[in-house]
Amino acid sequence: MNFLKNYEKSLIYLILLSIIIFGIYLCYIGGYGSDEDTLPMIYVFETKLTQGRFVSSRFTGNPVAELGIGFLSYFFGSFVANIFTYLFLLFGLVIFFYSFQENIKFEKLYFFLFLCLTNPILFFDNLEPVDYSWAFFFFSLGIFFFSRKLFELSILFFALSIGVRINYVLFVLFIILFYHFDDKISIPRRIGIFISAFIFGGLFYLPIWYENNFNLSWLTAARPTSEGLIGILARFTYKTYISVGYLSSFFVIFYFTKNLKILKSVKNIKSLFLLCLANLLIFLWIPAEFSYLQLFLVIISFLIFDIKKKFFYYLVCIGNLFSWIIFFSPVNIHHYNEEICAPKNAKSVSINISLEKGFYYKYIDSRDMIKCWARSESERDKRILKGDALKID
């Protein structure tokens, strides 16, 4: 039995190490990626550095990520920007894990990381210069220091997470109010910690507030309201299902239903549940990118691991890895414009069960998407297409 147990652990370690190294390789070949928000974030940094003007990459802007990703891309190129994004995911997962675990056992950490990194949304969406893992990393650091009662440091990193993605203010609120300590922390003190994090995080958004003449019209996003309530609910349901895994979703639902009593006994289950609920509500409000659900996916992975039912654990991992190769599509989504560079606004949906390329192949195919936003013959666009540093001497 000991031999089989050691063999099992060795196999998990080997596959996990292979996945991590494979991620580094994909960071190297991935260029500036396929996310339409990457180049606007870089442009914010370039414009401020070279012209002294303020611009925002999106409605609210993501100041910390605009500064970080812009700096790395401008001076070092796509590989360094990709590596930082990827490492923020890895370190964020490690820190998040130890924020909710009292006993530090590396064996447990490896199994948790394996479960997270097999999820294609968590893995492939953090191999290019986007801000999801940046916010998650700082948020995880905030939870870690908060759990160790180093409140000044927790305020700093909670503020940085808000400065990366403003929706993290809701996650910060719930973790501060509901994180369980063995000895009680008073509600007024918790509220004071949140107000401090809120104020310092909000300072990152002062420039865009100034730019909008002190009104709050910038606190918005492009929601798919033209599709109506049914369309939004359909987007939410379908994308949540795909994010958890088209195979893994069934295992996860059965897994949690069967182990409800064990789930209730998980330490800090209230704060974890509320974080999941907050993430789902935000995604319901704007069901756009799959990666909006990254915190939800991390927590689901943590709970699957924490219940300690290995059979279901391996079913989820196998389902995740299978989706890397083959994607099982239950519907056919028709868009108003099917051109590769056109915005993907859904027109209609029809039931059509089919097999498509898995997430790995979709990731490789999407490397050409950068051509949609770098079309000119300028030196800058040539550098973007090559993944080079954007600084032109």
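Residues numbered from 1 in each chain as written. Predicted model: local features only at pLDDT ≥ 70, side-chain atom pairs only at ≥ 80, totals over all residues. Heavy atoms only, no water.

Participant: Explain the side chain of Ser154 to me, please; I cannot follow it from the model alone.
Facilitator: With respect to the secondary-structure elements, Ser154 resides in helix 8 (residues 151-164). On the basis of relative accessibility, which here comes to 0%, the residue Ser154 falls in the buried class. One polar contact links the side chain of Ser154 to the main-chain carbonyl oxygen of Phe151, over a distance of 2.7 Å. Ignoring anything within four residues of it in the chain, the contact list for Ser154 reads Gly142, Phe145, Phe146 and Ile193. (Helix = DSSP H or I, 4+ residues; strand = E, 2+ residues; numbered from the N terminus. Buried < 20%, exposed > 50% of the residue type's maximum accessible area, 1.4 Å probe, protein only. Polar contact = N/O pair within 3.5 Å; in protein donor to acceptor, adjacent residues only side chain to side chain. Contact = heavy atoms within 4.5 Å.)

Participant: Before we go on, may I ask you to explain the nonpolar core in this structure?
Facilitator: One broad trend across soluble globular proteins is that nonpolar side chains are buried collectively. With 112 residues, the main nonpolar core has Phe96 and Phe139 as its most contacted residues. Considering every element that reaches this core, the biggest residue donor is helix 4 (residues 78-99), with 11 residues. Residues in contact with Phe96, not counting those within four places in the same chain, are Phe112, Phe136, Ser140, Ile143, Leu272, Leu295, Val298, Ile299 and Phe302. (Core = buried A, V, L, I, M, F, W, Y, C linked by side-chain atoms within 4.5 Å.)

Participant: Just to check I follow, could you spell out a nonpolar patch on the surface for this structure?
Facilitator: Among the surface-exposed residues, Ile187, Ile191, Ile195, Phe198, Ile199, Phe200 and Leu203 lie close enough to one another that they form a single nonpolar patch of about 660 Å² accessible area. Residue position: Ile191 is located in helix 10 (residues 187-202). (Patch = residues over 30% accessible without salt bridge, like charges linked within 9 Å, V, L, I, M, F, W, Y side chains within 5 Å. Areas by Shrake-Rupley, 256 points an atom, 1.4 Å probe, with all protein chains shown as cover. Salt bridge = Lys/Arg side-chain N within 4 Å of Asp/Glu carboxyl O.)

Participant: Quick question: what am I supposed to make of the packing of aromatic side chains here?
Facilitator: Geometrically, a pair of aromatic rings is defined through the distance of the ring centres and the angle of the planes. With the rule as written, the count across this model stands at 60 aromatic pairs. Here Phe45 and Phe71 contribute two aromatic rings whose centre-to-centre distance is 6.1 Å and whose plane-to-plane angle is 90°, an arrangement assigned as edge-to-face. Highlighted residues: Phe45 in helix 2 (residues 38-51) and Phe71 in helix 3 (residues 63-75), separated in sequence by 26 residues. Exposure remark for Phe45: the relative accessible area of 11% places this residue in the buried category. Against the face of Phe327 rests Lys362, its NZ or CZ located 3.8 Å from the ring centre. Above the face of the Tyr363 ring, Arg367 is positioned so that its terminal group lies 3.9 Å from the ring centre. (Phe/Tyr/Trp six-rings, centres within 6.5 Å; stacked < 30°, edge-to-face > 60°. Lys NZ or Arg CZ within 6 Å of the ring centre and 35° of its normal.)

Participant: Looking at this structure, I do not really get the environment of Ile83. What am I missing?
Facilitator: Along the chain, Ile83 turns up in helix 4. On the accessibility criterion, Ile83 (17% relative accessible area) is buried. As for Ile83 and Ile155, which are separated by 72 residues in sequence, their C-alpha atoms are 26 Å apart. Setting aside chain neighbours within four positions, we find Ile83 in contact with Ile24 and Cys27.

Participant: Just checking my understanding: could you explain the environment of Gly23 for this structure?
Facilitator: Relative to the assigned elements, Gly23 resides in helix 1 (residues 2-29). Assessed through its relative accessible area of 0%, Gly23 is described here as buried. On a C-alpha basis, the gap between Gly23 and Tyr86 in space is 7.7 Å, while along the polypeptide they are 63 residues apart. Aside from chain neighbours lying at most four places away, what touches Gly23 is Tyr86, Phe123 and Leu127.

Participant: How should I be thinking about helix 10 in this particular structure?
Facilitator: Because an α-helix packs 3.6 residues into every turn, residues spaced three or four apart end up facing the same way. Over its 16 residues, helix 10 extends 22 Å from the first C-alpha to the last, a length consistent with the 22 Å expected when each residue adds 1.5 Å. The complete set of buried residues in helix 10 reads Arg190, Ile193, Phe194, Ala197 and Gly201. Down the axis, helix 10 shows its buried residues gathered within 95° of arc, on one side only. (Expected span 1.5 Å × (residues − 1). Arc of directions from axis to C-beta.)

Such coordinate-based values are descriptive only and should not be taken to indicate function.
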